[in-house]
Every structure is written in structure tokens, then in C-alpha cells.
Amino acid sequence: MTNGILGYASYLPGWRVDPRGAGRLTRVIAAFDEDAVTMSVAAVQAALERCGAVPAAGDRLVFVTSSPPYLDKTSASIVHAALSLDRGVAADDAIGTARSAMAAISSALHGRPTVVAAADVRTGRPGSADERGGADAGAALVIGPSTPQTPVIAEHLGGVSLTEEFLDRWRSPDTAYGSTWEERFGRSRYEPLIAEAVAATLDAAGLPDADYAVLTCPNAAVTKAAGAIVKRAVSTVGAPTGFAGAVDPILSLAHALDRAEPGQTILVISAADGVDTMLLRTTDALPTRRQREPIAAAAAASGRSVPYPTYLSWRGLLDVEPPRRPEPDRPAGPPAAREAGWKFGLSGSRCTACGFVHLPPMRACRQCGTIDQMEPAPVAARRGRVATFTVDRLAYSPSPPVVDVVVDFEGGGRSTFEVADARPDLLEVGAPVDLVFRKLFTAGGVHNYFWKARQVADLAGEERS
Amino acid sequence: MSSRGIADQVAIVAMGCTRFGERWDRSAEDLLLDAVQEALTRADVPLADIDAFWLGTLGSGQSGLMLSRALSSDYKPVTRVENFCATGSEAFRNACYAVASGAYDRVMAVGVEKLKDSGFSGLLRADPPGAGTAPELSVTAPAAFSLLDPAYCAKYGVDPAEMREAMTHVAWKNHRNGMLNPKAQFRSEVSKEKIADSPKVAGRLGVFDCSGVSDGAACAMIVRAEDAYKYTDRPVFVKALALAAAPGRAGMDPAYDFTTFPEVVRSAQDAYAQAGITDPRTEVSLAEVHDCFTPTELVLMEDLGFSERGQAWKESLAGEFDADGRLPVNVDGGLKSFGHPVGASGLRMLYEAWLQMRGEAGDRQLDDPRIALTHNLGGRPGSAVSFVAIVGTDRAPTG
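What you see is a predicted model, and the numbers here were worked out from it, not measured in a lab.

Thresholds, definitions, all that
Residues numbered from 1 in each chain as written. Chains lettered and ligands numbered in written order. Predicted model: local features only at pLDDT ≥ 70, side-chain atom pairs only at ≥ 80, totals over all residues. Heavy atoms only, no water. Pairing = 2+ DSSP bridges. Helix = DSSP H or I, 4+ residues; strand = E, 2+ residues; numbered from the N terminus. Axes fitted to C-alpha atoms, helices over the stretch in contact; angles between N-to-C directions. UniProt positions renumbered as here; feature names shortened; annotations may be inferred. Domains from an automatic or database assignment. Contact = heavy atoms within 4.5 Å. Salt bridge = Lys/Arg side-chain N within 4 Å of Asp/Glu carboxyl O. Nonpolar A, V, L, I, M, F, W, Y, C, P; charged D, E, K, R; others polar. Expected span 1.5 Å × (residues − 1). Buried < 20%, exposed > 50% of the residue type's maximum accessible area, 1.4 Å probe, protein only. Phe/Tyr/Trp six-rings, centres within 6.5 Å; stacked < 30°, edge-to-face > 60°. Lys NZ or Arg CZ within 6 Å of the ring centre and 35° of its normal.

Chemist: How would you sum up the sheet that holds strand 7 (residues 216–224) of chain B? Please name residues and give values.
Modeler: Residue and element names in this part refer to chain B. Strand order in the open sheet formed by 9 strands is 3-2-4-7-1-8-11-10-9, with mixed pairing between adjacent strands. Two strands lie at the open edges of the sheet, namely strand 3 (78–81) and strand 9 (286–288), each paired on one side alone. Pairs of neighbouring strands in the sheet enclose a mean axial angle of 25°, with direction left out of account.

Chemist: Please set out the UniProt feature "domain: Thiolase N-terminal" (unreviewed entry) in chain B residue by residue, giving values where relevant.
Modeler: UniProt annotation of "domain: Thiolase N-terminal" (unreviewed entry) refers to residues 10–225 of chain B when read in the numbering used here. For residues 10–225 of chain B, the helix share is 37%, the strand share is 18%, and the end-to-end C-alpha distance is 4 Å.

Chemist: Please give an account of the domain arrangement of chain A that cites residues and values.
Modeler: Residue and element names in this part refer to chain A. Segmenting chain A into domains produces domain 1 (4–170 + 182–315) and domain 2 (341–455). Using C-alpha coordinates to define each centre, domain 1 is positioned 31 Å away from domain 2. Of the residues lining the interface, 19 residues belong to domain 1; the matching set on domain 2 comes to 18 residues. Taken together, domain 1 and domain 2 are joined by 4 salt bridges. A salt bridge links Lys452 to Asp33, with the nearest nitrogen and oxygen atoms 2.7 Å apart.

Chemist: Please give an account of the UniProt feature "domain: Thiolase C-terminal" (unreviewed entry) in chain B that cites residues and values.
Modeler: Under the feature "domain: Thiolase C-terminal" (unreviewed entry), the UniProt entry names residues 257–387 of chain B. Helix makes up 43% of residues 257–387 of chain B and strand 14%. Its end C-alpha atoms lie 22 Å apart.

Chemist: Before we move on, could you go through the interface of chain A and chain B and cite the residues and values that matter?
Modeler: In this assembly, 39 residues from chain A lie in contact with 37 residues from chain B. At the boundary of chain A and chain B, one finds 0 salt bridges. Taken together, the elements giving at least two residues each to the side of chain A that touches chain B come down to helix 11 (333–338), helix 12 (340–343), strand 18 (357–358), strand 20 (384–392), strand 21 (402–409), strand 22 (414–420) and strand 24 (446–455) of chain A. With 5 residues, the single largest contributor to the side of chain A that touches chain B is strand 20 of chain A. Its residues placed into classes, the side of chain A that touches chain B shows 19 nonpolar, 8 polar and 12 charged.

Chemist: If you had to explain the sheet that holds strand 19 (residues 374–378) of chain A to someone new, which residues and values would you point to?
Modeler: All names here are of chain A. Across the sheet, which stays open at both edges, the 3 strands sit in the order 18-17-19 with antiparallel pairing between neighbours. The sheet is open, and its two borders are formed by strand 18 and strand 19, each paired with just one other strand. Of the pairings in the sheet, the one linking strand 17 (residues 347–351) to strand 19 comprises 5 bridges and is antiparallel in character. Residue pairing for strand 19: Cys351 is matched across the bridge by Met374.

Chemist: Run through helix 9 (residues 262–275) of chain B, naming residues and quoting values.
Modeler: Residues and elements named next belong to chain B. The terminal C-alpha atoms of helix 9, which comprises 14 residues, lie 20 Å apart, in line with the 20 Å expected from a rise of 1.5 Å per residue. Listed as buried for helix 9 are Glu263, Val264, Ser267, Ala268, Asp270, Ala271, Tyr272 and Gln274. The inward-facing, buried residues of helix 9 abut strand 8 (236–245), helix 10 (280–283), helix 11 (294–303), strand 10 (371–380) and strand 11 (383–392). Directly after helix 9, the chain includes Gly276, whose backbone phi takes a positive value near 70°.

Chemist: Let's hear about the packing of aromatic side chains: which residues, and what values?
Modeler: Counting across every chain of the model gives 20 aromatic pairs over all chains. Plain terms: the ring middles of Phe344 of chain A and Phe437 of chain A are 6.5 Å apart, the flat faces sit at 45° to each other, and that makes the pair tilted. On the criterion of sequence distance, the pair formed by Phe344 of chain A in the loop between helix 12 and strand 17 and Phe437 of chain A in strand 23 (residues 432–443) is long-range, its members being 93 residues apart. Each member of the pair Phe344 of chain A and Phe437 of chain A is classed as buried. Here Phe437 of chain A and Trp451 of chain A contribute two aromatic rings whose centre-to-centre distance is 5.3 Å and whose plane-to-plane angle is 65°, an arrangement assigned as edge-to-face. Taken as a pair, Phe437 of chain A in strand 23 and Trp451 of chain A in strand 24 lie far apart in primary sequence, 14 residues in all. Both residues of the pair, Phe437 of chain A and Trp451 of chain A, count as buried. Chaining the aromatic ring pairs together yields one cluster made of Trp342, Phe409, Phe417 and Phe450 of chain A. If you follow Lys343 of chain A out to its NZ or CZ, it ends over the ring of Phe344 of chain A, 5.8 Å from the centre. One residue, Lys192 of chain B, lies across the ring of Trp172 of chain B, its end atom 4.9 Å from the ring centre.

Chemist: Just give me the short version of helix 3 (residues 87–100) of chain B, but keep the residues and values in it.
Modeler: Residue and element names in this part refer to chain B. Counted at 1.5 Å a residue, the expected span for helix 3 with its 14 residues is 20 Å, and the 20 Å between its end C-alpha atoms agrees. Among the 14 residues in helix 3, 11 count as buried, and that is most of the element. Of the positions making up helix 3, those classed as buried are Thr87, Gly88, Ser89, Glu90, Ala91, Phe92, Arg93, Ala95, Cys96, Ala98 and Val99. Following helix 3 by one or two positions, Gly102 adopts a phi angle in the positive range, close to 90°.

Chemist: Can you tell me about the pairing of strand 23 of chain A, naming the residues and giving the values?
Modeler: All names here are of chain A. Burial of strand 23 is extensive: 11 of the 12 residues sit out of reach of the surface. Inspection of the sheet shows strand 20 paired to strand 23 by 2 bridges, in the antiparallel sense. By the bridge assignment, Arg385 is partnered in strand 23 with Pro432. Relative to strand 24, strand 23 runs antiparallel, the two being bridged by 10 bridges. Residue pairing across strands places Val436 opposite Lys452, the latter belonging to strand 24. Connecting strand 23 to the antiparallel partner strand 24 that follows it, the hairpin turn spans 2 residues, and Gly444 within it adopts a positive phi of roughly 60°.

Below is the structure:
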């Protein structure tokens, strides 16, 4: 018996840019403080929360990306730490392409319970089709056996993989953007491969066709012709965002799961240096466990506009004058390891003698002086309110100015945070915020991941079932 | 909090202070040498007669060697101290205690800082290796102190425009005071319009709401009180020295509302008890306080007991702390226009108190001041060290 899909979620950043200056803010872009790690944390948080599964010792977390924040160092362990997962959960990286995502999903379907966390920052050369037609996004799939508490939302019916080597797209590991051969050449190679893989998959399952066929491919000529290549009643061309790299197969599947009814079939076709397919059938559990906001709605949301030069500076493609302040020091290994519970898990300490909550955790109680009588006080999932705030125009930041708030958490505890995706004009004492995992800065090649506060414009309006 | 205190056991018999400012022409060692020379000349004491030194600097030098090399002192003990922006005061406090203990007869406290050589704006810090999560990493000093503004308005129902006027008045007053001070960094009057409209640095704080980053040095020669008249006919007696270091609770306590510095309240209470002061509003002749940013001075008026809670903005605006007001505050220009070379500032405040009580403050001389308070603050709202000194012209009869 194979595993099935227990849960899913996608994460789209709230920022949009108009690279052509045509007045259409269509390109979804990650903020300066987001990367594949932070976006996958957001996606996995949402997926786990929605499906109710808790990864246990022996399970696996795999982080899939083509824009890894690190090489030689595992990024999945950062995602693992930010989610405060059990240390018995394995965490490893699958770095490469959309094909890496399909491989991770395939091994999860046939192996131990796995959270597939995928995200990509798809940077194109300024003016390129990749810049216009790409998307920055994260998505997560929770894969495991069906249980009475957590039944699968989609069963796995089968899939095939075909491999071929040809030069369609390539990127040197040290460059920000890739290159492609002329698209028609790639299409000529992919088209027969896709037809063969689709036929083999459906034949093996004894099905004439699928209700949803999802085709994801970095070659735009292939996706443009998807309707002709894969003839189905309901068809979609990947995700409704533009091609999102290694995360694209999961985004595309999320789009199908957002809409499919129980008992329908979804055929995921990923064409990347060969073809991988995955055939799924949805279950009765799907309607109650869809992600909260459909990806199509998130993609259609107007988002917040970023001037094109600002976007280029966020990606390091435009060198702008820094503030007259020293750059911060890189985080040091030993203190970051000692304080991992706070830095990654955002867990403080609560005095068991008097209940005072310390953020970050302290050994000596600030309220009653009791020493070493503390229990963990995690606050990452808590809401808080602004005690006071400022806009710091002097501080060093990759995208100044820095907005800071002092946050009082529901249930106790106060700390100071930078504000992510700030709207300083809407800040006021008492305003509600929640917490998101972001990157404060990068120094000495070390990404300084930490949590930031995010303004919740209307707390009541955010409370949905 | 309780301190026995050393009221009237030691006296300041000489002081020195350099001109503060962009001293491109001087190294930190040059500046401290200049200040020390001024004090020694005034007291007519050779360097060799100083028994021990305390050197305060935040980051312009390390160890006692900074001073011993600069002065070429003769193997005398030199203690380097650091306590953020209260560093100069801390050097002074320790030097006074050393004389009061009977260990030495004549000591010097020297404070110095060289901030303009870095090429950066604002204060720099050399932090130990960390996890990269301390708020101090990203929140600069002006931003940290700007947190007081919205919180104060919210708590006391002050219209933000009125609060802005009060902050502007603090800057305007201190610039006006500094105009009369030949050693101040900035010596021109600044219009209220210019202050209010200056480019924003953090929150509603503009450039003119912030103290100047500057270079400078100041020092004090301290002797046993009974010896004071051997050196000068107008010594200044130390009545109280109080230091409070916050446990850092307020920054993580939702009960703290960013309209006060609890450590200032504690150190002020301690100092008043040591000096026997019961009503600071009437007993203090002048105060030099830590006006690092304009809202700080407003809050300090309340924490030091000069104003009732929620009233300082109104009383400042009414001119009560102007040079000709009921309690002159920062008559030398304060950090705002005198400039803020961190390690020197606490001693610079005492220098003004010293000049005023000797009647040597020139154009800004007050009418017969008897008791002066200096207040030095290091850190930020929620977690600070606060120092209060009280000095006076008269020594109470012993016995």
C-alpha cells in the first residue's frame, strides 16, 4: 500500500512588479527578506495546520528548490528548526529543478511519511521571458498513510518516468539567472515524451483519461501548447502564477486540489529533462481540508507594487547606495546554536513560579527572581498587539527603512521585532500583528534568519474557519 | 535601593574640558591630554601628584594604557571603565569612591570619545559574537528613543502636534543655550520651524531631535573634602552618586508603557536620599540631563521628579526648564548642541555644574546656584543604566 496526499498549501508573496512598465502588476515576487527557506516555512506551516498532521520521529522533511540559500550546508534543517519539528524527523535538501520535486514526491509516496517543502525565487535576466513569466512561491505537500484521524485527500494511482538528455535550459551554480535554447527545439523533444508518458500512465491505471491534467515545464512553448499536447476536458497549464521553478509541480497540483471534487482524477505531468507523471484520485476528505485561500485567488490579488529598480536591488542586480552605517556582523555559530529555540523556533521561557513570560528565554525570572524554574513558551503561532512603534531611517537594511514594533503577545510576553511587508501608515498602538519567518540580512555569506512581525490590518476579518 | 553614600567626603577641585565637535585635528589621546592639562593647570598640580586615574571610554581605546601612554604617566594605576553613555559618570563615581575609601588623596576621572573618525552616522558598537537576534542589532538609538513619543501621547492623551511642539522646544532651548558656550559643538540658534521640519531619522524624530555625534574629552580632579581648600577657594562637594542598572525587565514586560525609565527613578531616589534632598523641584539650582533625543529630556523631567507625570511636555513648552525658567536644564547646550562624545559626556555635565557654581560660566552664568544635578543615561528605553550625581557649593558641618 502506498501513501497518499494528507495535506497541501501554497504560499505566494504579497509583492508584485511590472517588469515591462506596461501597467500590469502581474509578476509575483518575493520580498527582499524572503527566500526559498522562508517561503517553504510559510507553506509547510499552513499545510500542517490545515491537515492536522504532526511529523513524528522517523518521518522526513525534504526541502526542494533550484535557488538554495546555501550549498554544503543543509537548508532543510533551518526549515525543520523554524517549524520546531521533532529532532527524530530527518531533514534533507533536494536541490535542482522541477524534476527534484517529482522525485521527492515519488519517494514519499513509496516510503516513509514525508513533508515536501518546496520554494523558489525565480530570477530572470532583466528584460527576459523568465523575469516576466516566472513567479516566486512556496508550496508544501504532506504525504503519508491514511489514518482515521488524518485520511488522505488524494490517493496515488501510479506514474511513470522517462529520461532524456538535451540542452533546453541551463544555469551555472554561481549565476542568478539561466539561459535557454530556442523554445521550439525543446518542444520538439518534450512533446512526444509527454504523449508517451501520459498514455503509459493512464493505460496502467485502466483509465481513458483524467479529470484534471496538469502540465508543468520550464519551456514556455510546451506549456503554451499544453491544450494540444494533452487533450482533456479540464486542463490547466501549470500554476496560475507563471513558472515557479522547482516548486511548480506542487503549485500546479495545489491549483487542481483547490478545485477538484471528491472522486476525481488529477494527472500531474512534469516535463523537465524527461517526463515524470503522477496520477491521483481525490477522496471525500478533500472538501474540508482544502487550503484556506485558493492559489488562483492569491495570484489574482493585486498585491503591493514594487518599483522595478527596487525589485532589481532586492535581487542584487542593482547596487544602490547603502545608509551611512556599518553593515551588521554575521551571526556566530555557537550562540546561534545555543539560542536555536528562540532564533528559529521563537520559543521563550515561562517562569513556573510566577507565570512571567520571557522573550527571549531567560534563566533568572524578571518578575520574581526565581532561577532555572522555566518551561518553554512558544509564541510563533500567537497573535500580538503593538505596544509602540517606529520607522528607523538610520538602521542598516537591505531595503530601508526598517520598521520596528514592540509586540505584546496574547497569553503574555513582549519583544521587539522588525516588521515584514510593513505599511507604516497603518501602524498604531494596539494594532494586531502575527509572526513570520524571514531573513534580517545576509553578512559574511550567512543568512540571518529570524522572525518578524506582520501587520494584520483587521484581526476580526482574519478569523476564518 | 539603598546606598550609604559619601556625601561631603570628597570634592572636585579642578576640571578640564575640550571643545566638542568634529575634531579631525585631534586623536582621542590628544583630546584626553588637552582636558587633563587644563585641569592640572587650574589646580596648579603636577601630573606626578595624581595618585590614580579612572578612564571612561566606550570604544575609543582599550585598557588603562590608553591614558598612561597619552599622558606618559609614571606607572600610576589606571582603571578603564565602560557603561554605555553613562561611561564618563561611571569613571567619576569610581574615582570618588576610591578617595572616600582613603586609598588615595588625589585622583582624576577622565572621559574621552572619538566618534567622528568612523565616517558613519550615529553611535557604533562593537558587539560580542551573537545569534543575530538582539533587537539592538537593527534598532538604532534614535529609533529606540523615538518609541517614547507615540507611547507618551497615547498614555496621557497628548495631541501628537502638541508633543511635536514640546520636542521642538527642547531642541530649540538647548541649541539656544549652546549658542553661548564656546566649547559647544553647535553654536547657532535654530528656528523652531527648521527643527520641526528637519529630515526624519526615526519615527517623528528629525535630525534636530538627535544629539550630535562628536569628539571630545573632559576630566575632574578629586580630593578628600578636608583637603579641598588647599587647591581652590571654591571647591565643589560631592553630595550623591547613584547608579542603577536595569535588569532588562521592561523590554519584555507588557506592564512597561515606554513613558518612563524605571532605572532613572531608582537612581534619582537613591541620590536624593544620599544628598538629603526632599523636594528636587525647589532644592536643585540647575540640572544637566541626558537629552540624547528630545523626548528623552521630557520623560526625564518626570523621572527626576522635576515635573508631575504627564506634565513635563506642558511645562517644557511653557519655558520652565529654559535658562531663565524655574529650573534651568542643560544650560551648557546639553548633548543636543554640546555634542555627545559618549565617554566624556558625564564629565562634561559636571564641568558645567562646576563652572556655574564657581561663577565662571560667562554669558550663561546663572544667579548663585548652590546645588546641581547631573544625569547620565546609557542603553535604551526598557533596558538602561542611569547615573545621577548631586554636587554642591557648601560642605555640611561634620560631626
